[in-house]
Amino acid sequence: DTEVTQTPKHLVMGMTNKKSLKCEQHMGHRAMYWYKQKAKKPPELMFVYSYEKLSINESVPSRFSPECPNSSLLNLHLHALQPEDSALYLCASRSGKAEGTIYFGEGSWLTVV
Amino acid sequence: AQRVTQPEKLLSVFKGAPVELKCNYSYSGSPELFWYVQYSRQRLQLLLRHISRESIKGFTADLNKGETSFHLKKPFAQEEDSAMYYCALGRGTGFQKLVFGTGTRLLVSP
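Cut-offs used in this document
- Residues numbered from 1 in each chain as written.
- Chains lettered and ligands numbered in written order.
- Predicted model: local features only at pLDDT ≥ 70, side-chain atom pairs only at ≥ 80, totals over all residues.
- Heavy atoms only, no water.
- Helix = DSSP H or I, 4+ residues; strand = E, 2+ residues; numbered from the N terminus.
- Rg over C-alpha atoms; globule rule 2.2 N^0.38 Å.
- Pairing = 2+ DSSP bridges.
- Buried < 20%, exposed > 50% of the residue type's maximum accessible area, 1.4 Å probe, protein only.
- Contact = heavy atoms within 4.5 Å.
- Polar contact = N/O pair within 3.5 Å; in protein donor to acceptor, adjacent residues only side chain to side chain.
- 1 Å grid on protein atoms, 1.4 Å probe; cavity = no way out; pocket = protein on both sides within 12 Å on 5 of 7 lines; lining within 4 Å.
- Points joined across faces, edges and corners; volume = space filled by probe spheres on them.
- Nonpolar A, V, L, I, M, F, W, Y, C, P; charged D, E, K, R; others polar.

**Points about the overall build of chain A**
Thinking step 1. Assigned secondary structure in chain A consists of zero helices and 11 strands.
Thinking step 2. The order of α-helices and β-strands along chain A, N terminus first, is β-β-β-β-β-β-β-β-β-β-β.
Thinking step 3. Expected size for 113 residues packed as a compact globule is a radius of gyration near 13 Å; at 13 Å, chain A falls within 12% of this value.
Thinking step 4. Along the first, second and third principal axes, the C-alpha atoms of chain A reach 40 × 25 × 20 Å.

Next comes the structure, spelled out in structure tokens:
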């Protein structure tokens, strides 16, 4: 199993809503990532979790709140988002080995209205 | 600062023609470089990494530290190679972060 599974695939939310994106992997990977990808742009790193602890926050606004409940799950809690936050949100994971490959999920398409 | 440059937004070739997708990087440390591919409506997939020095789907890429380049090459393009290709730079070992280039869309026509 080399899959990173993301739900939901599509999400439409209002600017006052609270929603969450979920990511799951069962490869035993100890690093998990959130990336944001705008249309026709490359993915941009948001957060990195290493052994369930937040290790990198790329100066992401606090309206995005990551959570890693256990080694297989990664959530991204969304609150008071802006229309410009509409994008594809990608989850990825990687093993702890130095040569480990980073595997990406299919992403969650978020539209903020 | 880390930076990855892919100068071409679109590369259009005919089936059977050679392909070279360019990638240049800037990084003060020891770089780890990757090529990722994104086919239409599919997830981002690792195509190549420089440390493995292998050929995947006929593609190869050689790290040239003197020219700070990691160009992706294939001698004979196929229609199924049409996709978005991203060059990415990772920092060192461990739980590295990837910095992506802006991507090159490869279009292979029959």
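On we go from here.
**Quick notes on the sheet that holds strand 7 (residues 60-61) of chain B**
Residues and elements named next belong to chain B.
Thinking step 1. Strand order in this open sheet of three strands is 3-8-7, and the pairing throughout is antiparallel. Each edge of the sheet is formed by a strand with only one pairing partner; in this case those strands are strand 3 (19-21) and strand 7.
Thinking step 2. Summarising the sheet, strand 7 and strand 8 (residues 72-74) pair through two bridges and their orientation is antiparallel. Paired with alanine 61 across the bridge in strand 8 is leucine 72.

**Considerations on the pairing of strand 4 (residues 31-37) of chain A**
All names here are of chain A.
Thinking step 1. Extensive coverage of strand 4 is indicated by the burial of seven of its seven residues.
Thinking step 2. A two-sided burial pattern is seen for strand 4, the buried positions comprising Ala31, Tyr33, Tyr35 and Gln37 on one face and Met32, Trp34 and Lys36 on the other.
Thinking step 3. With six bridges connecting them, strand 4 and strand 5 (residues 44-50) associate as antiparallel partners. Within strand 5, the residue paired with alanine 31 across the bridge is serine 50.
Thinking step 4. Count of turn residues in the strand 4/strand 5 antiparallel hairpin: six residues, of which lysine 40 carries a positive phi of about 60 degrees.
Thinking step 5. Sheet analysis places strand 4 next to strand 9 (residues 87-94), joined by seven bridges and oriented antiparallel. Counted as the bridge partner of tyrosine 35 is leucine 90 from strand 9.

**Examining the environment of A:Ser86**
Residues and elements named next belong to chain A.
Thinking step 1. Within the secondary structure layout, serine 86 lies in the loop between strand 8 (73-79) and strand 9.
Thinking step 2. On the basis of relative accessibility, which here comes to 19%, the residue serine 86 falls in the buried class.
Thinking step 3. In the structure, serine 86 is positioned 50 residues away from lysine 36 in sequence and 9.4 Å away in space, judged by C-alpha atoms.
Thinking step 4. In contact with serine 86, other than residues within four places in its own chain, are Lys38, Leu110, Thr111 and Val112.
Thinking step 5. Looking at serine 86, its side chain comes within polar contact range of the main-chain nitrogen of valine 112, at 2.8 Å.

**A word on empty space enclosed by the protein**
All names here are of chain A.
Thinking step 1. Applying the stated criterion across every chain yields a total of one cavity of 30 Å³ or more.
Thinking step 2. By volume, the largest cavity amounts to about 40 Å³.
Thinking step 3. Lining the largest cavity we find His29, Arg30, Ala31, Met32, Tyr49, Tyr51, Glu52, Cys68, Asn70 and Ser71.
Thinking step 4. Of all the secondary structure elements, the ones that give two or more residues to the lining of the largest cavity are strand 4 and strand 7 (64-70).
Thinking step 5. Looking at side-chain class alone, the lining of the largest cavity contains five nonpolar, three polar and two charged residues.

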